[in-house]
Amino acid sequence: MTDSLPSQPGAIGVFDSGYGGLTILHSIRQLLPGYDYVFLGDNARAPYGHRSFDVVYDFTRQAVHQLFKLGCHLVILGCNTASAKALRTIQQHDLPEWDATRRVLGVIRPTAEVVGQLTRNGHVGLLATEGTVRSHSYDLEIQKFWPDITISGVACPFWVPLVEYNEADSPGADYFVKKRIDELMAIDPQIDTIILGCTHYPILLPKILKYVQPGVRIVPQGEYVANSLQQYLQRHPDMERMCTRGGSCRYLTTENPEKFREGAQMFLHERVNVEHIDLE
């Protein structure tokens, strides 16, 4: 991965292991519709939630480098597991080797920065994949900004498959959603704010709202990631100038394009053109 990278301005890259990052992309495009975007889903190797740190880092590194080769100077990891297990190493180790002017941002920090303004009593819950919960990345990031907040996390191993297999509205989803919410609230009954720490989970929002107690605030990430990106571009005009503005969006997947197109409709509510790509 030492080949030269394009130097001219390019699209903003958004990466996810599967479809969930489309919820992040959708929020970003709603707030910042003028830019060009490239979305890359590693659907052939999804989900990442149960994989080791080394494997997630390796896969994420391949995807980020591919987006750089496609002309992106800024890449958003629209995946909590990749943000938890790979972001810091890529920032500290790989970017200096590839191109120190390029940037990779994650989805955990933007939510951590604002959660203290959202909770009323300082008791915050996290529903996420096993990898994200075990990494304690949310705990560490939130404590940097809000050291007095109490954080409790529960892994939801069946939630991503429910979404990916279009079962989010099925009666069977109720059991798995209620089970994990009950488990979380049993750990800390005072929780008044729950972070959805996986970008798939907003698709389950109707079920989640059905089983949380009245007054508990649910925090999907898309809005906060989009706001953070907008502020980042305002603070870094040199990077903003490297992001082209044509209002386009290109979709790439490591899986079958038609399969991705069908899955993407759940998240985007529109049919999109999709290309297959191999990662190495």
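Each value, and the rule that gives it
- Residues numbered from 1 in each chain as written.
- Predicted model: local features only at pLDDT ≥ 70, side-chain atom pairs only at ≥ 80, totals over all residues.
- Heavy atoms only, no water.
- Helix = DSSP H or I, 4+ residues; strand = E, 2+ residues; numbered from the N terminus.
- Rg over C-alpha atoms; globule rule 2.2 N^0.38 Å.
- Buried < 20%, exposed > 50% of the residue type's maximum accessible area, 1.4 Å probe, protein only.
- Contact = heavy atoms within 4.5 Å.
- Pairing = 2+ DSSP bridges.
- Right-handed = clockwise from strand over helix to strand, strands pointing away.
- Core = buried A, V, L, I, M, F, W, Y, C linked by side-chain atoms within 4.5 Å.
- Axes fitted to C-alpha atoms, helices over the stretch in contact; angles between N-to-C directions.

(A) Molecular detail of the overall build of the protein. Regarding its fold elements, the protein presents 13 helices and 10 strands. Relative to the compact-globule value of 19 Å for 280 residues, the protein shows a C-alpha radius of gyration of 18 Å, a close match. With respect to the principal axes defined by its C-alpha atoms, the protein has extents near 55 × 40 × 35 Å. In the protein, buried positions account for 55% of the 280 residues. Long-range contacts, defined as pairs at least 24 residues apart, comprise 80% of the intrachain contacts of the protein with a sequence gap of at least 6.

(B) Looking closely at unusual backbone geometry. Residue Ala-46 is joined to Pro-47 through a cis peptide bond whose omega torsion reads 0°. Looking at the element boundaries, Pro-47 is found in the loop between β2 (37-41) and α2 (53-69). Its identity as a non-glycine residue notwithstanding, Asn-166 has a phi of 60°, on the positive side. Positionally, Asn-166 belongs in the loop between α8 (159-164) and α9 (171-187).

(C) Quick peek at the pairing of strand β1 (residues 12-16). Counting buried positions along β1 gives 5 out of 5 residues, so the element sits mostly inside the fold. Of the two faces of β1, both are covered, the one formed by Ile-12, Val-14 and Asp-16 as well as the one formed by Gly-13 and Phe-15. In this structure, β1 lies alongside β2, joined through 5 bridges in parallel fashion. In the strand pairing of β2, Ile-12 is matched with Tyr-37. Following the backbone out of β1, through helix α1 (residues 21-31) and into the adjacent parallel β2, one traces a crossover that is right-handed.

(D) Representation of the nonpolar core. The biggest cluster of nonpolar side chains holds 50 residues, and the ones touching the most others in it are Leu-22, Leu-127, Trp-159, Ile-194, Ile-208, Leu-233 and Tyr-251. In this view, Trp-159 contacts Leu-127, Phe-176, Val-177, Arg-180, Ile-181, Tyr-201, Leu-204 and Ile-208; residues no more than four positions away in its chain are not counted. Core analysis: the second largest hydrophobic core is formed by 27 residues, Ala-11, Tyr-57, Phe-59 and Val-104 among them.

(E) The arrangement of the sheet that holds strand β10 (residues 274-276) in detail. The 6 strands are arranged β4-β3-β1-β2-β9-β10 in an open sheet whose pairing can be described as parallel. Of all strands in the sheet, those with a lone pairing partner are β4 (103-105) and β10, marking the two edges. Recorded for the sheet is a direction-independent mean angle of 25° between the axes of neighbouring strands. Sheet analysis places strand β3 (residues 74-77) next to β4, joined by 3 bridges and oriented parallel. Bridge pairing links Ile-76 to Leu-105 in β4. Running over the sheet, helix α4 (residues 87-98) touches β3 and β4 and is turned about 175° from β4.

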